[in-house]
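Okay, here's what each chain looks like letter by letter:
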Amino acid sequence: MTARDDEAVSKFIERFALMLAEGGMPRMPARVFVGLLASEEGQLTAGELAESLSVSPAAVSGAVRYLTQVHLIVREREPGSKRDHFRVRGGTWYESAMDRERLLTLWSEALADGVAAVGQDTAAGVRLRESVEFFDFLRVEIPLVLDRWRSRNATS
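This write-up is about the structure you can find in this document. (Residues numbered from 1 in each chain as written. Predicted model: local features only at pLDDT ≥ 70, side-chain atom pairs only at ≥ 80, totals over all residues. Heavy atoms only, no water.)

1. Let's talk about the sheet that holds strand 2 (residues 73-77)
Worth spelling out the cut-off: Two strands form a pair only when DSSP identifies at least two bridges running between them. For helices the rule is a DSSP run of H or I covering at least 4 residues; for strands it is a run of E covering at least 2, with both sets numbered from the N terminus onward. Only the stretch in contact is used when a helix axis is fitted, and all axes are lines through C-alpha atoms; the angle between N-to-C directions ranges over 0 to 180 degrees.
Spatial ordering of the open sheet is given by 1-3-2, a layout of three strands whose pairing is antiparallel. Strands at the two margins of the open sheet, each flanked by one partner only, are strand 1 (43-45) and strand 2. Strand-to-strand twist in this sheet, taken as the mean axis angle between neighbours without regard to direction, amounts to 30°. Across five bridges, the pairing between strand 2 and strand 3 (residues 84-88) is antiparallel.

The following block contains the structure:
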């Protein structure tokens, strides 16, 4: 078994968290999420997260609140324990992608309202209608890709 290199793990956490932040995730939630992903058990307490990331408990509190709201982690309490544990959900990337489908529907509907507001034959209407078509395309294609992923994973 390969030994864990704590320094390399810390560098990985910071590097991947930065990538997630550049993709739109807030920085501290990105660090906490990657810290959980890289933890051996996939779960840590708020205190353990604060210590491992060298941040304040308040920073962890806000980050885990965000991560639970977007369904990337879950909060659990072990029987007899007074401390919450935060765990990466099984299939977290799959679940996150499924959550995006709901957003695509909302965005498509809002954009359709925009087309009606600006007029479908205007330059703005054409742009907005193209956006509606793009999101509608993704709403069809993403579930197909996710089904293939689930099938592939079931046979592994």
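2. Quick look at the layout of surface pockets
We count it as follows: Buried and open spaces are told apart on a 1 Å grid over the protein atoms alone, a cavity being a set of points where a 1.4 Å probe fits but cannot get out and a pocket being an open set with protein on both sides within 12 Å along at least five of seven lines. Residues with an atom within 4 Å of a point are the lining residues. Grid points are joined across faces, edges and corners, and a volume is the space filled by probe spheres set on the points. Polar here means any residue outside two lists: the nonpolar Ala, Val, Leu, Ile, Met, Phe, Trp, Tyr, Cys and Pro, and the charged Asp, Glu, Lys and Arg; Gly therefore counts as polar.
The space that makes up the largest pocket amounts to roughly 360 Å³. For the lining of the largest pocket, the elements supplying multiple residues, two or more each, are helix 4 (57-69) and helix 5 (92-118). No other element matches helix 5, which puts six residues into the lining of the largest pocket. For the lining of the largest pocket, the per-class residue count stands at seven nonpolar, five polar and three charged. Lining the second largest pocket are 13 residues, and of these Arg-4, Val-9, Ile-13, Gly-35 and Ser-52 sit closest to its centre. Elements supplying a minimum of two residues to the lining of the second largest pocket: helix 1 (6-22), helix 2 (27-38) and strand 1. Of all the elements, helix 1 adds the most residues to the lining of the second largest pocket, at four residues. Grouping the amino acids of the lining of the second largest pocket by side-chain chemistry returns four nonpolar, five polar and four charged.

3. Examining the pairing of strand 3
Bridge count for strand 1 against strand 3 is three bridges, and the pairing is antiparallel. Residue Gln-43 lies in a different strand from strand 3, and its bridge partner there is Arg-87. Between the end of strand 2 and the start of strand 3, which pair antiparallel, lie six residues, with Gly-80 showing a positive phi angle near 85°.

4. Observations concerning the nonpolar core
Defined as follows: To define a nonpolar core, start from buried Ala, Val, Leu, Ile, Met, Phe, Trp, Tyr and Cys residues and group those joined through side-chain atoms within 4.5 Å. Here's how the labels work: a residue is buried when its accessible area is under 20% of the maximum for its type, exposed when over 50%, partly exposed in between, all with a 1.4 Å probe on protein chains only. Here, residues are in contact when the closest pair of their heavy atoms is within 4.5 Å.
Counting residues in hydrophobic clusters, the biggest one holds 24 residues, and the most contacted among them are Val-32, Phe-33, Leu-36, Leu-49, Val-64, Leu-67 and Ile-73. Where this core is concerned, the elements lending two or more residues are helix 1, helix 2, helix 3 (46-53), helix 4 and strand 3. Among the elements that take part in this core, helix 2 stands out by supplying six residues, more than any other. Excluding its chain neighbours within four sequence positions, the residues that come into contact with Ile-73 are Phe-33, Leu-36, Val-64, Leu-67, Thr-68, Phe-86, Arg-87, Val-88 and Arg-89.

5. Here we look at the pattern of salt bridges
Inclusion rule: Salt bridges are counted wherever a side-chain nitrogen of Lys or Arg sits within 4 Å of a carboxyl oxygen of Asp or Glu.
Summed over all chains, the structure comprises 11 salt bridges. Glu-14 is the salt-bridge partner of Arg-31, the closest N and O atoms lying 2.8 Å from each other. Taken together, the residues Arg-31 in helix 2 and Glu-14 in helix 1 connect sequence positions 17 residues apart. By relative accessible area, which is 27% here, Glu-14 ends up partly exposed. The salt bridge partner of Asp-136 is Arg-139, with a shortest N-O separation of 2.8 Å. One end of the pair, Asp-136, and the other, Arg-139, are both in helix 6 (residues 123-155), three residues apart, so they sit about a helical turn from each other. Salt bridges sharing partners connect three or more residues here, namely Arg-4, Asp-6 and Glu-40.

6. So, the packing of helix 5 against helix 6
Rule in force here: Note on terminology: angles under 35 degrees are roughly parallel, angles over 145 are roughly antiparallel, angles of 65 to 115 are roughly perpendicular, and the others are oblique. Each helix crossing is assigned a hand: it is left-handed if the near helix lies turned anticlockwise from the far helix by less than a right angle, otherwise right-handed if that turn is clockwise.
Closest axis-to-axis distance for the helix 5/helix 6 pair is 8 Å, and the angle between their directions is 160°. As far as their axial angle goes, helix 6 and helix 5 are roughly antiparallel. Where helix 5 crosses over helix 6, the handedness of that crossing is left-handed. Considering only residue class, the contact of helix 5 with helix 6 consists of 18 nonpolar, five polar and five charged.

Function cannot be read off these values alone, since they describe shape.
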